[in-house]
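# Observations on the three-dimensional arrangement
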Amino acid sequence: MGQPVRDYLLTLCVTAAVTYLLTGPVRKFAIAVGAMPAIRARDVHREPTPRLGGIAMFGGLCAGLIVADHLHNLKGVFELSNEPRALLSGAALIWLIGVLDDKFEIDALIKLGGQMIAAAVMVIQGLTILWLPIPGVGTVALTQWQGTLLTVALVVITINAVNFVDGLDGLAAGMVCIASAAFFLYAYRLWMGYGIEAAAPATLFAAILMGMCLGFLPHNMHPARIFMGDSGSMLIGLVLAAGAISITGQVDPDNMKIFFEGSERGATHAMFPVFIPLVLPLTIIAIPAADLILAIVRRTWNGQSPFAADRGHLHHRLLEIGHSHSRAVLIMYFWSAIIAFGAVAYSVHSASMWIVFTIIAASAVGLVLLLMPRFTPRAPHWANRMVPPRYRRRAAERASSSLSHAHEEKPALVASGAQQGSADARMGEEDAERAPVAVGVSGVNGATAIGARSRFPDRRSIDSSR
């Protein structure tokens with residue numbers, strides 16, 4: 001059991017290293033060809049940033065597949081299955097469409113058509129859903145058209161869910177990395193725990209996807225030096241969907257050997273907690289999926305196209321209630337980890353109530369983190385030098401308190417001076433709060449100083465989608 005883990009770890013490290021090393025040259029190439037769109041109305045960054053990061057991620061994907069093909073414990077995946085080649089074909093097509101969009105801003109309907117074609121290419125090469133385990137019914141075999149339609153829908157939904165959440169530095173790559181880590185644990189358990197060879201391709205896809213995200217994240221964390229663009233977000237969405245399709249629609253429930261009451265229906269019902277996290281990848285990437293559904297409903301309700309860009313995404317709302325850029329990203333990571341690893345843990349021990357209690361407790365902690373911007377603690381004067389700058393009392397507050405103290409000693413003349421000083425202090429404090437966005441004070445980068453929506457500079461129109 002240890003040898004496959006080392007091979008997967010080597011594949012992950014090679015993928016991450018190639019992605020990391022390629023991102024720097026890709027950034028210079030993106031700047032040279034002008035793949036740096038102007039700041040748009042919904043953007044939270046303040047300086048034009050190059051895109052095309054998906055080029056480096058695609059290079060990492062190719063490197064990971066090549067290395068895995070030459071490893072003793074993983075080359076059997078390529079000999080017994082055509083799924084890695086199907087993934088590479090679909091990924092190359094969707095990556096090419098993303099690169100063209102990052103440079104030339106192609107129409108949303110053209111991108112949607114390209115996503116469907118990429119999914120169809122994978123279906124033609126055998127990466128499709130063949131059957132579904134349904135509790136109370138058993139294993140339902142799908143016809144060719146049913147499997148094709150379900151596979152294409154799953155790929156398109158997952159790609160757009162990841163693309164929609166790509167709005168803050170490091171958000172999409174981090175959330176997909178968390179999802180792929182949970183996915184890897186589940187797929188590896190099916191392969192090594194139950195001896196199901198059909199789960200090996202999905203395990204490989206998850207390891208490579210983790211490497212792609214980990215290699216790109218150092219360049220993409222706030223403040224980002226490069227964006228993955230549609231060439232990256234659509235690529236990692238397709239890889240995640242391919243793994244879910246492989247393990248959900250290709251693994252035969254009969255091979256699990258966990259029959260209940262001697263019937264296939266009972267076996268499917270007994271294994272439902274294991275399959276439910278991966279029946280749709282939306283369970284693993286529930287946060288991006290929820291954001292996608294809310295965006296479609298919101299835009300349709302307002303009479304807009306579902307593909308129209310706006311500032312109503314979940315990460316935008318986190319910024320508006322007072323979270324900094326980095327904190328909003330970490331909160332989204334936290335919720336993704338709760339859902340992804342909670343689902344995997346429940347699939348392993350569905351009868352344990354401790355897992356449910358742990359998920360509830362973690363969710364309560366997450367709600368507290370969401371509300372914390374409304375409570376801004378301030379340290380006492382004597383502790384000003386021992387706490388982070390954000391919790392120190394401002395000079396204006398100290399001046400106000402000293403003036404109020406002088407007011408008690410000299411109630412006649414000093415009172416008016418104290419009131420004037422307090423008013424000046426409040427005005428100075430308000431100016432200091434507005435300065436980072438309006439003037440661009442040194443030391444403030446990106447969206448770290450963004451609070452309410454009114455602080456965003458007004459822009460006339462939204463030119464294109466990120």
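Conventions adopted
Residues numbered from 1 in each chain as written. Predicted model: local features only at pLDDT ≥ 70, side-chain atom pairs only at ≥ 80, totals over all residues. Heavy atoms only, no water. Helix = DSSP H or I, 4+ residues; strand = E, 2+ residues; numbered from the N terminus. Buried < 20%, exposed > 50% of the residue type's maximum accessible area, 1.4 Å probe, protein only. Contact = heavy atoms within 4.5 Å. Areas by Shrake-Rupley, 256 points an atom, 1.4 Å probe, with all protein chains shown as cover. Phe/Tyr/Trp six-rings, centres within 6.5 Å; stacked < 30°, edge-to-face > 60°. Lys, Arg positive; Asp, Glu negative; His and termini not counted. Salt bridge = Lys/Arg side-chain N within 4 Å of Asp/Glu carboxyl O. Axes fitted to C-alpha atoms, helices over the stretch in contact; angles between N-to-C directions. Parallel < 35°, antiparallel > 145°, perpendicular 65-115°, else oblique. Left-handed = near helix turned anticlockwise from the far one by under 90°. Nonpolar A, V, L, I, M, F, W, Y, C, P; charged D, E, K, R; others polar.

Moving on: the overall build of the chain. When helices and strands are tallied, the chain shows 17 helices and 2 strands. For the chain, buried positions account for 48% of its 466 residues. Sequence-distant contacts, at least 24 apart, represent 73% of the contacts inside the chain between residues at least 6 apart. Of the roughly 21,700 Å² that the chain leaves accessible, carbon and sulfur atoms contribute 66%.

Next up on the list: the packing of aromatic side chains. A full pass over the atoms with the stated rule returns 7 aromatic pairs. Here F58 and W95 contribute two aromatic rings whose centre-to-centre distance is 4.5 Å and whose plane-to-plane angle is 10°, an arrangement assigned as stacked. Here the residue F58 occupies a position in helix α2 (residues 54-69), and W95 occupies one in helix α4 (residues 83-104), the gap between them amounting to 37 residues. Of the residues examined, F58 reaches a relative accessible area of 12% and is grouped as buried.

Examined against the element boundaries, D7 turns out to sit in helix α1 (residues 2-33). Nearest to the buried, unbridged D7 among oppositely charged side chains is R6, at 6.2 Å. Among residues more than four places away in sequence, those in contact with D7 are L71, N73 and L74.

Oppositely charged side chains may form a pair once their charged atoms are brought near each other. Tallying each qualifying case throughout the model produces 3 salt bridges. Notably, a salt bridge pairs E105 with R51, separated by 2.5 Å at the nearest N-O pair. Taken as a pair, E105 in the loop between α4 and α5 (108-124) and R51 in the loop between α1 and α2 lie far apart in primary sequence, 54 residues in all.

Turning our eyes to something else, we now look at unusual backbone geometry. For the bond running from H222 to P223, omega is -5°, close enough to zero to count as cis. Although it is not a glycine, L52 adopts a positive phi angle of roughly 70°. Considering the arrangement of structural elements, one finds L52 in the loop between α1 and α2. Judged by its relative accessible area of 2%, L52 falls in the buried class. Look at E105: it is not a glycine, yet its phi comes out positive at around 60°.

Further remarks concern the environment of Y20. By the secondary structure assignment, Y20 is in helix α1. A C-alpha to C-alpha distance of 5.6 Å links Y20 and F216, two positions 196 residues apart in sequence.

Attention now moves to the packing of α2 against helix α8 (residues 200-220). At a closest axis distance of 9 Å, the pairing of α2 and α8 adopts a crossing angle of 140°. Taken together, α2 and α8 sit at an angle that is classed as oblique. Classified by chirality, the crossing of α8 by α2 is right-handed. Residue-level contacts link M57, L61, G64, L65 and A68 of α2 to L204, I208, M212 and F216 of α8.

On to the packing of α5 against helix α6 (residues 144-165). Closest axis-to-axis distance for the α5/α6 pair is 9 Å, and the angle between their directions is 130°. With respect to α6, the axis of α5 lies oblique. In the packing of α5 onto α6, the handedness of the crossing is right-handed. Side by side, α5 and α6 meet where K111, L112, Q115, M116, A119, A120, M122 and V123 of the first sit next to T148, T151, V152, V155, V156, I159, N160 and N163 of the second. For the contact of α5 with α6, the class distribution of residues is 10 nonpolar, 5 polar and 1 charged.

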